[in-house]
Amino acid sequence: MSGTVETAIEIRPFHVDVPDEALEDLRRRIAATQWPEKETIADQSQGVPLAMMQKLARYWMTDYDWRTCQANLNDLPQFMTEIDGLDIHFIHVRSQHEDALPLVVNHGWPGSIIEQLKIIDRLTDPTAHGATAADAFHVVVPSMPGYGFSGKPTSTGWGPERMGRAWDVLMERLGYTGYVAQGGDWGAFVVDQMGLQAPDGLLAIHTNMPATVPAAINDALSRGDPAPAGLSAEEQHACEQLDRTFKQVEYARMMAARPQTLYGIGDSPVGLAAWLLDHNDADGQPAAAVVSALDRTTSATGELTRDEILDNITLYWLTNTGVSASRLYWEYKGGFFNAKGVSIPVAVTVFPGEQYQAPRSWAEKAYPNLIYFNEVDNGGHFAAWEQPELFSTELRAAFRSLRSAK
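Residues numbered from 1 in each chain as written. Predicted model: local features only at pLDDT ≥ 70, side-chain atom pairs only at ≥ 80, totals over all residues. Heavy atoms only, no water.

Chemist: Help me out: how do you make sense of the overall build of the chain in this one?
Modeler: Each helix and strand in the chain was counted, giving 17 helices and ten strands. For the chain, whose C-alpha radius of gyration is 20 Å, the value lies close to the compact-globule estimate of 22 Å for 406 residues. Taken along the three principal axes of its C-alpha coordinates, the chain extends 60 × 55 × 45 Å. Expressed as a percentage of the 406 residues in the chain, the buried residues total 56%. In the chain, the share of contacts with a sequence separation of at least 24, taken over all contacts with a separation of at least 6, comes to 75%. (Helix = DSSP H or I, 4+ residues; strand = E, 2+ residues; numbered from the N terminus. Rg over C-alpha atoms; globule rule 2.2 N^0.38 Å. Buried < 20%, exposed > 50% of the residue type's maximum accessible area, 1.4 Å probe, protein only. Contact = heavy atoms within 4.5 Å.)

This is the structure in structure tokens:
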């Protein structure tokens, strides 16, 4: 991968250019995989099944074409800039509508900028998708440090808090004096931290993985204790989902404790793919939405496809960011879903496939300046990737009331 060198050092154009040798090496390594024996049970509770991985590996080695993803990336304006001593890669697409609202979109793990690509045109050109010019955004999508084309930290300290400060620098550097932020998965942690930092330019945040759990409930569930009595049906359901989630995060505990030990995901493409696939959502582990995509070759409605899953995995491989991305879990020492004390305007969309469905009662206490709350019928943990039209509609609705204030 190479960046275009220009005399201007603050913001320089970036172009993805993967050499043929790197793709040939990828295919060679897949072919040389030393496979383990088949799992000893009929379900997926021991991890990603052998047959699933072998089927995906065959396609990855023989038919998958990275060049399509590379061309899609290079069709978008990409840039690199140094913030706090680290190169930050980002996509920046300005809307044709000058009154558009600036928006910085945060990805998560095991995702990347790839998971946000389908919402960019829907947000920057809303009139082409059935919305109005008043719903337009200028969209900025940065790669988190240690992910994708951004630099890899060589010292500690690049957690969500520092990323939040960096994105404010980025938006100011792009000339935006007022902007909003969106985050899911780790991006939700980043926008919560941005909300706590409350820089002058940040008008509001939107999260699709809200941190709303009251302290007493969060502490009890984290210890494996039962939830307290007296909860509403929605609150009790959320507790049951959280209890399940906390029992399905072995991968997170490993990355939080020993990320440097994961040499296998830096040396084996199949090892990396299995590691990235074995995260959970509300419907299972491996995540049901991702597993279903492995048999989907095309989608007219924006659902995840096999090639999109492999685009993301291949980006991790080509940039050798399996381990560097994992260190984010080690860096962060706070709670996952507990209320943080954000007081700026907050918008929340609750998707049914999320780790837990935040009750409105919790959201109103966690975010006292709650400007938007909506529970939708479709979509999951990676909502922008899985349901891009619905996700874009939610962002338009969430920030509609703020446009006059930007």
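Chemist: Is there a simple way to explain the packing of helix H7 (residues 215-223) against helix H8 (residues 233-246) in this structure?
Modeler: Each pair of packed helices can be described by the angle between their axes along with the distance between the axes. For the pair H7 and H8, the least separation of the axes is 9 Å and the interaxial angle reads 40 degrees. Judged on the interaxial angle alone, H8 and H7 are oblique. Taken as a pair, H7 and H8 cross one another with a handedness that is right-handed. On H8, the residues touching Ile217, Asn218, Leu221 and Ser222 of H7 are Cys239, Leu242 and Phe246. (Axes fitted to C-alpha atoms, helices over the stretch in contact; angles between N-to-C directions. Parallel < 35°, antiparallel > 145°, perpendicular 65-115°, else oblique. Left-handed = near helix turned anticlockwise from the far one by under 90°.)

Chemist: What exactly am I supposed to notice about the pattern of salt bridges here?
Modeler: Oppositely charged side chains are able to pair whenever their charged atoms sit close together. If you walk through the whole model with that rule in mind, you get 17 salt bridges. Across the pair Asp20 and Arg67 runs a salt bridge whose closest N-O atoms are separated by 2.6 Å. Here the residue Asp20 occupies a position in helix H1 (residues 20-31), and Arg67 occupies one in helix H3 (residues 66-74), the gap between them amounting to 47 residues. A salt bridge links Glu389 to Arg396; the shortest N-O distance between them is 3.8 Å. What makes Glu389 partly exposed here is its relative accessible area of 28%. Since its relative accessible area comes to 3%, Arg396 is described here as buried. Among the charged side chains, a salt-bridge network with shared partners connects Asp25, Arg28, Arg29 and Asp267. (Salt bridge = Lys/Arg side-chain N within 4 Å of Asp/Glu carboxyl O.)

Chemist: I tried to follow the nonpolar core on my own but got confused; where do I start?
Modeler: Generally speaking, a soluble globular protein has its nonpolar side chains buried in company with each other. Counting residues in hydrophobic clusters, the biggest one holds 122 residues, and the most contacted among them are Trp66, Trp109 and Trp167. When residues of this core are assigned to their parent elements, the largest contribution, seven residues, is made by helix H13 (residues 306-319). When residues no more than four places from it in sequence are discounted, the contact partners of Trp109 are Tyr147, Asp185, Trp186, Tyr251, Met255, Trp275, Leu276, His279, Tyr316, Ala325, Tyr329 and Phe382. (Core = buried A, V, L, I, M, F, W, Y, C linked by side-chain atoms within 4.5 Å.)

Chemist: For this particular structure, what's the right way to read the pairing of strand S6 (residues 137-142)?
Modeler: In terms of burial, S6 is largely enclosed, as six of its six residues are buried. The alternating pattern of S6 places Phe137, Val139 and Val141 on one face and His138, Val140 and Pro142 on the opposite face, and all of these are buried. Judged from the four bridges that link them, strand S4 (residues 86-93) and S6 form a sheet pairing that is antiparallel. Residue pairing for S6: Phe90 is matched across the bridge by Pro142. The pairing of strand S5 (residues 101-106) with S6 spans four bridges and is parallel. Directly across from Val104, in S6, lies its bridge partner Val140. (Pairing = 2+ DSSP bridges.)

Chemist: So what exactly am I meant to see when it comes to H8 here?
Modeler: An α-helical segment advances 3.6 residues per turn. Residues three or four places apart therefore align on the same side. Its 14 residues place the ends of H8 20 Å apart at the C-alpha level, agreeing with the 20 Å of an ideal helix rising 1.5 Å per residue. Buried residues of H8: Glu235, Ala238, Cys239, Gln241, Leu242, Thr245 and Phe246, and no others. Considered in projection along H8, the buried side chains sweep an arc of 165 degrees and stay on one side of the axis. In the core, the buried residues of H8 are packed alongside H7, helix H9 (250-257) and helix H15 (360-366). (Expected span 1.5 Å × (residues − 1). Arc of directions from axis to C-beta.)

Chemist: In this structure, what is going on with the side chain of Asp281? I would like to understand it.
Modeler: Mapped onto the fold, Asp281 is located in the loop between helix H11 (269-277) and helix H12 (288-293). Arg244 provides the closest opposite charge to the buried, unpaired Asp281, separated from it by 7.1 Å. Polar contacts involving the side chain of Asp281 include one to the main-chain amide nitrogen of Asp283, which spans 2.9 Å. Setting aside anything within four residues of it in sequence, one finds Asp281 in contact with Arg244, Gln248, Ala287, Ala288, Ala289, Gly353, Gln355 and His381. (Lys, Arg positive; Asp, Glu negative; His and termini not counted. Polar contact = N/O pair within 3.5 Å; in protein donor to acceptor, adjacent residues only side chain to side chain.)

Chemist: How should I be thinking about the pairing of strand S3 (residues 78-83) in this particular structure?
Modeler: Note on strand geometry: in a regular strand, side chains alternate between the two faces of the sheet. Bridge count for strand S2 (residues 12-15) against S3 is two bridges, and the pairing is antiparallel. Bridge pairing in S3 links Arg12 to Met80. Two elements, S3 and S4, share six bridges in a ladder whose sense is antiparallel. Bridge pairing links Ile83 to Leu86 in S4. What sits between S3 and S4 in their antiparallel hairpin is a turn of two residues, with Asp84 showing a positive phi close to 55 degrees.

Chemist: Just checking my understanding: could you explain the confidence of the model for the chain for this structure?
Modeler: Any region with low pLDDT has predicted coordinates that should not be read closely. On average, the chain scores 94 in pLDDT, and the residues at 70 or more come to 97%. Considering only residues more than four positions removed or in separate chains, one finds that residues 1-8, a stretch of pLDDT under 50, has 17 contacts. (pLDDT = per-residue confidence, 0-100.)

Chemist: How should I be thinking about the packing of aromatic side chains in this particular structure?
Modeler: How two aromatic rings sit relative to each other is set out by the distance from centre to centre and by the angle between their planes. Under the definition given, this model contains 18 aromatic pairs. Taking 6.1 Å as the distance between ring centres and 45 degrees as the angle between the ring planes, the aromatic pair formed by Phe246 and Phe337 counts as tilted. Placement of Phe246 in helix H8 and of Phe337 in the loop between helix H14 (322-331) and strand S9 (346-350) is noted, with a sequence separation of 91 residues between them. The class of Phe337 is buried, set by a relative accessible area of 4%. Taken together, a centroid distance of 5.3 Å and an interplanar angle of 65 degrees make the contact between Phe337 and Tyr356 edge-to-face. Here Tyr356 lies in the loop between S9 and H15 and Phe337 lies in the loop between H14 and S9, a separation of 19 residues in the sequence. (Phe/Tyr/Trp six-rings, centres within 6.5 Å; stacked < 30°, edge-to-face > 60°.)

Chemist: Can you help me understand helix H4 (residues 117-124) in this one?
Modeler: Of all eight residues making up H4, six are buried, and the element is well covered by its neighbours. Taken together, the buried positions of H4 are occupied by Lys118, Ile119, Ile120, Arg122, Leu123 and Thr124. The inward-facing, buried residues of H4 abut S4, S5, S6, H13, helix H16 (383-386) and helix H17 (388-399).

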